Amino acid sequence: MIVAIDGPAGSGKGTIASMLAEYFGFKYVDSGLLYRKVAAASIWAPSVDLQDAIYSMDFSKDVLRSEEVGARASEIAGVPQIRSLVTELSRRCAQNIGPYAGVVMDGRDIGTVVFPGATCKIYLTASPEVRAKRRLAYINRHGSGTATYEEVYENILERDSRDSSREIAPLTISDDYVVIDTSNEIPKESFSRIKKIVENIL
Ligand code: DC
């Protein structure tokens, strides 16, 4: 069973996907992290091969989660060669699930391109203002940078526009997605709604 969670930056995908994975005993795969690894390598180790960037390079969580790497990941995610490699690796991650009962994968194109046949497709969203506030809180909590609210808000809008307008695998939804707006909810509330959706399908 594959649960696909797609949505824009800051919509809460990672938090909700981890909660679902823990609750159902599923493997959690963060496809954005694969793009972030390639992005970090393109900044600090540009001569490294793509697969090595994903498998061998060791960047800290704070570096990978930074605004700089997020923006770069959104740029390189439009490159066909990088997209097909990450798509292939994401599919492979879902094949080798060992003791897990299923997979929760989050990203931008999981239910449309990576696993169009996913058992359950959720599109998580929230207003840009709320998403910018969440990102800023994350940056302040982790001490990863000194961005202002305005900068983070602009980055979010830029990333939304780039991720949804690129030619290959843009952020979009099909009829079989359930759309969940998390703007006015704490993670526990969104989790509880999505948990019920998944339970009804199981
Ligand atoms: O989910 P995230 O913010 O960590 O993703 C970083 C960037 O990677 C995002 O702006 C676009 C790209 N991405 C993508 O194009 N497709 C995915 N499935 C996941 C991420």
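Everything in this summary refers to the structure shown in the same document. On a predicted model such as this, the values are computed, not experimentally measured, just so you know. (Residues numbered from 1 in each chain as written. Predicted model: local features only at pLDDT ≥ 70, side-chain atom pairs only at ≥ 80, totals over all residues. Heavy atoms only, no water.)

## Some points on the layout of surface pockets
Reasoning step 1: Size it by volume and the largest pocket reaches roughly 990 Å³.
Reasoning step 2: In terms of lining residues, the largest pocket is bounded by 42 residues, among which G10, K13, G14, R65 and R135 are the most central.
Reasoning step 3: Sorting the residues of the lining of the largest pocket by element identifies α1 (13-24), β2 (27-30), α2 (31-44), α5 (67-76), β3 (103-107), α8 (128-142), α9 (149-165) and α10 (187-201) as the ones contributing at least two each.
Reasoning step 4: With 7 residues, α8 is the largest single contributor of residues to the lining of the largest pocket.
Reasoning step 5: Considering only residue class, the lining of the largest pocket consists of 11 nonpolar, 13 polar and 18 charged.
Reasoning step 6: Quantified by volume, the second largest pocket comes out at close to 190 Å³.
Reasoning step 7: In terms of lining, the second largest pocket is formed by Y28, V29, D30, L33, L34, K37, I54, Y55, L89, R92 and C93.
Reasoning step 8: Of all the secondary-structure elements, those providing two or more residues to the lining of the second largest pocket are β2, α2, α3 (50-55) and α6 (80-95).
Reasoning step 9: Residue classes in the lining of the second largest pocket are distributed as 8 nonpolar, no polar and 3 charged. (1 Å grid on protein atoms, 1.4 Å probe; cavity = no way out; pocket = protein on both sides within 12 Å on 5 of 7 lines; lining within 4 Å. Points joined across faces, edges and corners; volume = space filled by probe spheres on them. Helix = DSSP H or I, 4+ residues; strand = E, 2+ residues; numbered from the N terminus. Nonpolar A, V, L, I, M, F, W, Y, C, P; charged D, E, K, R; others polar.)

## What to know about the packing of α2 against α6
Reasoning step 1: For the pair α2 and α6, interaxial distance at closest approach is 10 Å and the crossing angle is 140°. Relative to α6, the element α2 is oriented oblique. Note on packing geometry: the crossing formed by α2 with α6 is right-handed. Along its contact with α2, which presents S31, L34, Y35 and V38, the element α6 presents I82, R83, V86, T87, L89 and S90.
Reasoning step 2: Its residues assigned to classes, the contact of α2 with α6 comprises 6 nonpolar, 3 polar and 1 charged. (Axes fitted to C-alpha atoms, helices over the stretch in contact; angles between N-to-C directions. Parallel < 35°, antiparallel > 145°, perpendicular 65-115°, else oblique. Left-handed = near helix turned anticlockwise from the far one by under 90°. Contact = heavy atoms within 4.5 Å.)

## Details of the packing of aromatic side chains
Reasoning step 1: In total, this model carries 6 aromatic pairs according to the counting rule given.
Reasoning step 2: Between W44 and F59 the ring centres are 6.1 Å apart and the planes differ by 45°, which places this aromatic pair in the tilted class. Here W44, found in helix α2, pairs with F59, found in the loop between α3 and α4 (61-64); they are 15 residues apart in sequence, far enough to count as distant.
Reasoning step 3: Classification of W44 as partly exposed rests on a relative accessible area of 45%.
Reasoning step 4: For F59, a relative accessible area of 18% gives the class buried.
Reasoning step 5: Every member of this aromatic cluster is reached through a ring pair, and the members are Y23, F24, F26 and F191. (Phe/Tyr/Trp six-rings, centres within 6.5 Å; stacked < 30°, edge-to-face > 60°. Buried < 20%, exposed > 50% of the residue type's maximum accessible area, 1.4 Å probe, protein only.)

## Regarding the nonpolar core
Reasoning step 1: In terms of nonpolar packing, the biggest core is built from 18 residues, with Y35, I54, I76, I82 and V86 touching the most fellow members.
Reasoning step 2: Breaking this core down by element, the ones donating at least two residues are α2, α3, α5 and α6.
Reasoning step 3: Considering every element that reaches this core, the biggest residue donor is α2, with 6 residues.
Reasoning step 4: Non-local contacts of Y35, meaning those with residues more than four positions away in its chain, are made with A73, I76, A77, I82, R83, V86 and T87.
Reasoning step 5: With 17 residues, the next largest nonpolar core counts I16, A17, F191 and I194 among its residues. (Core = buried A, V, L, I, M, F, W, Y, C linked by side-chain atoms within 4.5 Å.)

These figures capture arrangement, not role.
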